[in-house]
Amino acid sequence: MLSRKEYDEARVRAAVMIRAAGIRITEEEARRIEVADFGLGRLRFEGAQILTFFGTERVSAKVIALFPDQTMPEHWHPRVGDDPGKEEAIRAIHGVLRFYLPGPDTLARGFVPAGKEGYYTARHERIMMPGDQLTVEPGTKHWFQAGPEGAVLYSFSTCARDILDLFSDPAVVRMTVVAD
Ligand code: ZN
């Protein structure tokens, strides 16, 4: 759970980061940046600020801002009916982005959030600089983390059904609850 103040401050900060990365967004878009704490109540450590530009039944585009060392928890995009699951392309725009996929454990520059060792199983590290990109196949576990200056990245994908994403940490609740 986040307080209204925490939520609003994170949203404003994310809008500043997105604009500083050279991405033009409207005022209306700045207001609807989603602050996701994944129900963990420790936004500074685990969370993400997400602006969905558009999302249809077939395609979606988002920009994500991560605060310094903030971690997007490990998750994967499962099959939904006839859809094999969301295929996602990530493009780093600003700052260092540490990205993790299954494979040989090469985790070195990033870190697993304290006390969460069991919930971050993908440990193959890819250090992404602005202009770097990669794709994540449906059903593949992944998580990512900003470097010390924060990070801004694009996520382009097939149909996004965020509410159906699966997370390794059983404490995750996808919808952010804001206490007014
Ligand atoms: Zn994902």
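Before going into details, it helps to say that this report is about the structure given with it. (Residues numbered from 1 in each chain as written. Predicted model: local features only at pLDDT ≥ 70, side-chain atom pairs only at ≥ 80, totals over all residues. Heavy atoms only, no water.)

### Some thoughts on the pattern of salt bridges
Logical step 1: Counted by the stated rule, this structure contains 14 salt bridges.
Logical step 2: Asp-162 is the salt-bridge partner of Lys-62, the closest N and O atoms lying 2.8 Å from each other. Within this pair, whereas Lys-62 is found in strand β4 (residues 59-66), its partner Asp-162 is found in the loop between β11 (151-158) and β12 (166-167), the two being separated by 100 residues in sequence.
Logical step 3: Of the residues examined, Asp-162 reaches a relative accessible area of 18% and is grouped as buried.
Logical step 4: As a salt-bridge pair, Lys-86 and Glu-88 come within 3.8 Å of each other at their nearest N and O atoms. Accessibility classification places Lys-86 together with Glu-88 in one group, the buried group.
Logical step 5: Where salt bridges share partners, they join Glu-34, Lys-62, Asp-162 and Arg-174 into one cluster. (Salt bridge = Lys/Arg side-chain N within 4 Å of Asp/Glu carboxyl O. Helix = DSSP H or I, 4+ residues; strand = E, 2+ residues; numbered from the N terminus. Buried < 20%, exposed > 50% of the residue type's maximum accessible area, 1.4 Å probe, protein only.)

### Some words on a nonpolar patch on the surface
Logical step 1: A contiguous nonpolar patch, built from Ile-163, Leu-164 and Met-175 and spanning about 300 Å² of accessible area, is present on the exposed surface.
Logical step 2: When you line up the elements, Leu-164 lands in the loop between β11 and β12.
Logical step 3: Assessed through its relative accessible area of 40%, Leu-164 is described here as partly exposed. (Patch = residues over 30% accessible without salt bridge, like charges linked within 9 Å, V, L, I, M, F, W, Y side chains within 5 Å. Areas by Shrake-Rupley, 256 points an atom, 1.4 Å probe, with all protein chains shown as cover.)

### Section: the environment of Pro-78
Logical step 1: Relative to the helices and strands, Pro-78 resides in the loop between β5 (71-76) and β6 (88-94).
Logical step 2: For the pair Pro-78 and Leu-166, spaced 88 residues apart in sequence, the C-alpha separation works out to 7.0 Å.
Logical step 3: Residues contacting Pro-78, with those up to four places away along its chain left out, are Pro-84, Gly-85, Leu-164, Asp-165 and Leu-166. (Contact = heavy atoms within 4.5 Å.)

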